[in-house]
Amino acid sequence: MSTDDLEADLTRNTENAPRELLTRSFFFLCAALSVVTTLSIVGLLITEASKFFSLTAPLMGVAGETANLVDFLTGTTWQIHSKEFGVMALISATLMVTFGSAIIALPLGVATAIYLSEYASPQARSLLKPALEILAGVPTVVYGFFALIYITPALRVVFPDIGTFNMLSASIVVGIMIIPMVASISEDAMSAVPDELRQAGYGMGATKFDVSTGIVVPAALSGIFSSFILALSRAIGETMAVTVAAGAQAKFLNPLNPASYLEGALPMTAAMVQLLTGDITGGGLAYRSLFAIGLVLFVITLIMNIISDFVARRYREVY
Amino acid sequence: MATEQDSSYAQGFGQVSRTAGLIFRYLLLAATMFGIVTLAVLLVYVANDAIQPLTADAGWHLTFFLTLVLPTILVGGALYRRNREALKLGGMVVGALLVSLMFSGGVAIVFIDIIPPLTGFSYAVGLVVAVAGTVLLTKYERQIPFTARVAATGLLFFLSLFGVPGYFHSIPELVQKAPVVPTDWIILTLVLGGVTALVVGQYIARVREDNKAGLAAGASALVLTALGAIVGPLVGIDANALVVVTAVSFVPTAAYAGGSVITREELKPGLVFAATVIVGALVGAVAVDALGFAGPQAWTDWQFLTSSHSGSAENAGLYPAIGGSILLMVTVAALSFPLGVGAAVYLEEYAPDNRFTRFIDVNISNLAGVPSVVYGLLGLGVFVTYLGQATGTVLIGGATLALLILPIVIISSREAIRSVPNDMRQASYGMGATRWQTVRNVVLPEAFPGILTGTILALGRAIGETAPLIMIGAPNVLFNLPTELSSKVSAMPLQVYAWSSLFASEDFYTKAVPAGVVVLLAVLLAMNSIAIVLRNKYESET
């Protein structure tokens, strides 16, 4: 804080010279652009989505076809041609991908984080960390192709009646994709646990296993939890892998029923891509439904990001 | 009860079972390896589909084993035992050659096919004139007030690059209308070779601490580049292409190898390793040709890289998509780099600690979590619907992707700026520097490698994005290279998506798509390795 004041004092005489003014306003505009971006996203999604619902369309001065808000939020059939917009069919598929990828990514990610922070030698760490970064760096459309061409045929050996497009393969690749996210954030939290706590554990005669599971993990719990939420939010917003691998037929499936993972369905993001690749005209009902789904998606991921941020801040143990 | 427990503790003391710990440890290791191994297996599958190494003659494999693999293992093994640093340099030289070859391919597409050499040259001349004028203006820094100088510089650039239609010809126009214009290869030699000569000359002058040596190195770089145009037709390679490859790949790699050896004599054996690999590969290629051994029937081949989409998977190619990806990258970099760095500088150096700053802060981390498909909607809604731009052009594709990676660029640039020690800033202020002078002369140069690393990684993210491009209406099939900011654009991942969904067939699944995936991953790998090398160099220096 004091250095800030010092710098302000040292530069006070020159701060309104034309050159300083010009450069400072440029930098300020750059920073303000992020706020403009957010406002445009929110504004655009709300105005376009409100033209979609019969409840709000008159306010926007839009005549013509609209959809019922309650039907949209509770309906379980998504059929563009018969004008049935039940977003629950899409949300159920998104939930399935989220559950499925969570089952893979959360345990593996935390185990990776424990290994990297507690067990791995510096040499192993310097090899494993870039390798894990590669997992997150592969384009998602490539993951989708892998799921469709290599993983689904492999799964067919175990489950003979699995569909060409299925939620299982999509969940597996999305899970692999988000492992690095869980691992790196959790590892940061575990590395932040002070060594004194570990040494106190060893002093009591605890083994490395006891220290890892009994001291480090509980102490880093808030960071681990926040990494879970962030990774799941990423899985929800994941687009190309599910578009390629999960299928094109909207279906309402029960996310808790393991058998339904062998079928294909249409997650929210994939539905948006499908709407755009089909020939919809600007201004039509289908075009506006795009923004309605976008709004739901944006709100869900925003809430999850905020929760994750809140958990990381509020429950962080300060040493 | 209590005594029983005590005795059980006493018995267990000293012989703690290690089984649970060991099992746990190996379980953790297995969990860590799961994702990596799965991806590795998938990559082997896709590479096998794309390159089909098993379709080559046995003699082909044997020849390359004898000329390339065996010598590399022998020389590499000997170096590994004696001089590991030299081996590292050798590996770096080979890697630099591969990466720069790939990069020079991109440069060749831009400067031969997208921008006709003459147009590029005319704008280069205009730019040189404008920059020369600006330098002249800075000589009179004290006499002319700052605002007048900025206005004059702006006017100078505008007049020399665009002119005033009807009154005043711009310099590019004048150059294009000149009665005698240089041929394409001379232009490429002057422009690309000139830039290379400048960089190489400065680099050599720095490592040799001798300006004359730098001048000589720069001159020989220019001569070598020109030589490319003369040698090219003799060996059956297009003169223009060879000039670009020489200027962008061969000369810089040679300069890097030479420069490293000058500074550290003991690394010289590393060059032997690099020579073994390069000569081995060349000899092998000549030998299999002479002996008539057929190579693998790879789908990722020259035909695939240079032709456009086709209804049959055998003839389909990636060329327009590669060109589109390059143009998108240039646009994204040009937009996101200044904006992202500017925002980072504001937040780290200027921003007062108030509510608005904290709001921007939270806002940026939330923007980083917004799904890419929503950014696509933003591009569609704002650029296409509200601003009335045509769908799927290079400009709106680039702008959408730039907005997408902006939060990542800002966050990594902030980290780089934050790692500049405060003492350096205060030393600068103590010398009477203003805030902008401190930012320009101290903070940005110090933070530059870190900023560059973060930007390259973010660009790597942008090059793999598909969903935003679909949302803004980029066409699934494009037969011509985009040449302007307003032409329709395709991109490598978009083409891969189109092949694996719209043209879904066994043929495309096993031929065109794996080939496209391999190209896309190779480009990403090259970009990431540049970033990692930069980061390691930067971290070891500080």
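Please read these numbers as outputs of a predicted model, since none were measured by experiment.

What about the overall build of chain B?
Of the regular secondary structure elements, chain B holds 22 helices and zero strands. In terms of overall dimensions, chain B has a C-alpha envelope of 100 × 75 × 60 Å along the principal axes. Within chain B, residue pairs in contact and separated by at least 24 positions form 76% of the contacts whose partners lie at least 6 positions apart. Carbon and sulfur atoms provide 68% of the accessible area of chain B, an area that totals close to 27000 Å².

Details of the overall build of chain A
What chain A contains, in helices and strands, is 13 helices and two strands. Taking the principal axes of the C-alpha coordinates as reference, chain A spans close to 70 × 70 × 30 Å. Considering chain A as a whole, with its 319 residues, one finds that 52% of them fall into the buried category. Counted over contacts in chain A with a minimum sequence separation of 6, partners at least 24 positions apart contribute 68%. As presented, chain A carries roughly 13900 Å² of accessible surface, and 65% of it is formed by carbon and sulfur atoms. Charge centroids of chain A, computed over 16 positive and 23 negative side chains, lie 2 Å from each other.

Concerning the packing of helix α6 (residues 140-158) of chain A against helix α2 (residues 19-51) of chain B
Here α6 of chain A crosses α2 of chain B at 80°, and the two axes come no closer than 11 Å. By the angle class used here, α6 of chain A and α2 of chain B are roughly perpendicular. Contact with α6 of chain A, carried on its side by Y143, F145, F146, Y150 and I151 of chain A, involves L39, L42, L43, Y45, V46 and D49 of chain B of α2 of chain B and no other residues of that element. Counted by class, the contact of α6 of chain A with α2 of chain B contains ten nonpolar, no polar and one charged residues.

Focus on the packing of helix α13 (residues 319-350) of chain B against helix α18 (residues 435-463) of chain B
Residue and element names in this part refer to chain B. Between α13 and α18, whose axes approach to 9 Å, the crossing angle comes to 140°. In terms of orientation, α13 and α18 fall into the oblique class. The interaxial crossing formed by α13 with α18 has right-handed handedness. Side by side, α13 and α18 meet where S325, M329, V332, A333, F337, V341, V345, E349 and Y350 of the first sit next to R435, W436, V439, V443, L444, F448, I451, T455, L459, A462 and I463 of the second. Residues of the contact of α13 with α18, tallied by class, amount to 16 nonpolar, two polar and two charged.

Overview of the interface of chain B and chain A
With 82 residues of chain B at the interface, the matching set in chain A holds 83 residues. Summed over both sides, the interface of chain B with chain A buries roughly 7300 Å², with 77% coming from carbon and sulfur. Put simply, chain B and chain A have one salt bridge between them. Between R535 of chain B and E133 of chain A there is a salt bridge, with the nearest N and O atoms lying 3.9 Å from each other. At the surface where chain B touches chain A, the tally comes to seven residue pairs in polar contact (both at pLDDT 80 or more). Top element by residues in the side of chain B that touches chain A is α2 of chain B. It accounts for 18 residues. Grouping the constituent residues of the side of chain B that touches chain A by class yields 54 nonpolar, 20 polar and eight charged.

A few points about the pattern of salt bridges
What the rule picks out here adds up to 19 salt bridges over all chains. A salt bridge links D195 of chain A to R198 of chain A, with the nearest nitrogen and oxygen atoms 2.9 Å apart. Residue D195 of chain A and its partner R198 of chain A are located together in helix α8 (residues 195-203), separated by three residues, close to a single helical turn. Taking the relative accessible area as the measure of exposure, R198 of chain A reaches 9% and is therefore buried. Of the charged contacts, one joins R418 of chain B and E348 of chain B as a salt bridge, the two residues approaching to 3.3 Å between their closest N and O atoms.

What about the domain arrangement of chain B?
When the domains of chain B are assigned, the result is domain 1 (18-56), domain 2 (61-295) and domain 3 (319-420 + 449-541). Look at where the C-alpha atoms of domain 1 of chain B and domain 2 of chain B centre, and you get two points 39 Å apart.

Quick word on the packing of aromatic side chains
Under the defined criterion, the tally for this structure stands at 23 aromatic pairs over all chains. Pairing Y119 of chain A with F24 of chain B gives two aromatic rings, centres 6.1 Å apart and planes at 65°, and the pair type is edge-to-face. Pair noted here: Y119 of chain A is in helix α4 (residues 87-119) and F24 of chain B is in helix α2, and the two residues belong to different chains. Like Y119 of chain A, the residue F24 of chain B is buried in the burial classification. An aromatic cluster of at least three residues, connected via ring pairs, comprises F26, F27 and F28 of chain A together with Y346, Y350, F356 and W436 of chain B. Of note, R84 of chain B hangs over the ring of Y80 of chain B, and the distance from its end group to the ring centre comes to 4.1 Å.

Side note on the confidence of the model for chain A
Taken over all residues, the pLDDT of chain A has a mean of 87, while the share at 70 or more is 96%. Per-element confidence in chain A is highest for helix α7 (residues 167-191) of chain A, whose mean pLDDT is 94, and lowest for helix α1 (residues 2-11) of chain A, whose mean pLDDT is 66.

Things to note about unusual backbone geometry
Residue and element names in this part refer to chain B. In this structure, Q52 takes a positive phi of about 50° despite not being glycine. Mapped onto the fold, Q52 is located in the loop between α2 and α3 (58-82). The residue E209 is not glycine, and still its phi comes out positive at about 50°. Relative to the helices and strands, E209 is located in the loop between α8 (184-208) and α9 (211-235).

What about empty space enclosed by the protein?
Taken as a whole, this structure holds four cavities of 30 Å³ or more when the rule is applied. The wall of the largest cavity is formed by S34 and T37 of chain A together with I364, L367, Y375, L403, L406, P407 and I410 of chain B. Every element with two or more residues in the lining of the largest cavity is listed here: α2 (18-50) of chain A together with α14 (355-367) and α16 (394-418) of chain B. Broken down by element, the residue count for the lining of the largest cavity peaks at four residues, all from α16 of chain B. Looking at side-chain class alone, the lining of the largest cavity contains seven nonpolar, two polar and no charged residues.

Focus on the side chain of S500 of chain B
Position of S500 of chain B relative to the elements: it lies in helix α20 (residues 492-501). Residue S500 of chain B is classed as buried on the basis of its relative accessible area of 3%. Here S500 of chain B is in contact with F145, L148 and V244 of chain A together with Y509 and V513 of chain B, once residues within four sequence places are set aside.

Some thoughts on the domain arrangement of chain A
All names here are of chain A. When cut into domains, chain A gives domain 1 (2-50) and domain 2 (74-314). A straight line from the C-alpha centre of domain 1 to that of domain 2 covers 34 Å. Approximately 590 Å² of surface area, both sides summed, lies buried where domain 1 meets domain 2, with 86% of it carried by carbon and sulfur atoms. If you sort the residues of domain 1 by the area they bury against domain 2, L45, E48 and A49 come out on top, with a joint share of 73%. Seen at the junction of domain 1 and domain 2, the total is zero residue pairs in polar contact (both at pLDDT 80 or more). In terms of residue class, the side of domain 1 that touches domain 2 is made up of six nonpolar, no polar and one charged.

What counts and how
Residues numbered from 1 in each chain as written. Chains lettered and ligands numbered in written order. Predicted model: local features only at pLDDT ≥ 70, side-chain atom pairs only at ≥ 80, totals over all residues. Heavy atoms only, no water. Helix = DSSP H or I, 4+ residues; strand = E, 2+ residues; numbered from the N terminus. Contact = heavy atoms within 4.5 Å. Areas by Shrake-Rupley, 256 points an atom, 1.4 Å probe, with all protein chains shown as cover. Buried < 20%, exposed > 50% of the residue type's maximum accessible area, 1.4 Å probe, protein only. Lys, Arg positive; Asp, Glu negative; His and termini not counted. Charge placed at Lys NZ, Arg CZ, Asp CG, Glu CD. Axes fitted to C-alpha atoms, helices over the stretch in contact; angles between N-to-C directions. Parallel < 35°, antiparallel > 145°, perpendicular 65-115°, else oblique. Nonpolar A, V, L, I, M, F, W, Y, C, P; charged D, E, K, R; others polar. Left-handed = near helix turned anticlockwise from the far one by under 90°. Buried area = accessible area lost by both parts, 1.4 Å probe. Salt bridge = Lys/Arg side-chain N within 4 Å of Asp/Glu carboxyl O. Polar contact = N/O pair within 3.5 Å; in protein donor to acceptor, adjacent residues only side chain to side chain. Domains from an automatic or database assignment. Phe/Tyr/Trp six-rings, centres within 6.5 Å; stacked < 30°, edge-to-face > 60°. Lys NZ or Arg CZ within 6 Å of the ring centre and 35° of its normal. pLDDT = per-residue confidence, 0-100. 1 Å grid on protein atoms, 1.4 Å probe; cavity = no way out; pocket = protein on both sides within 12 Å on 5 of 7 lines; lining within 4 Å. Points joined across faces, edges and corners; volume = space filled by probe spheres on them.

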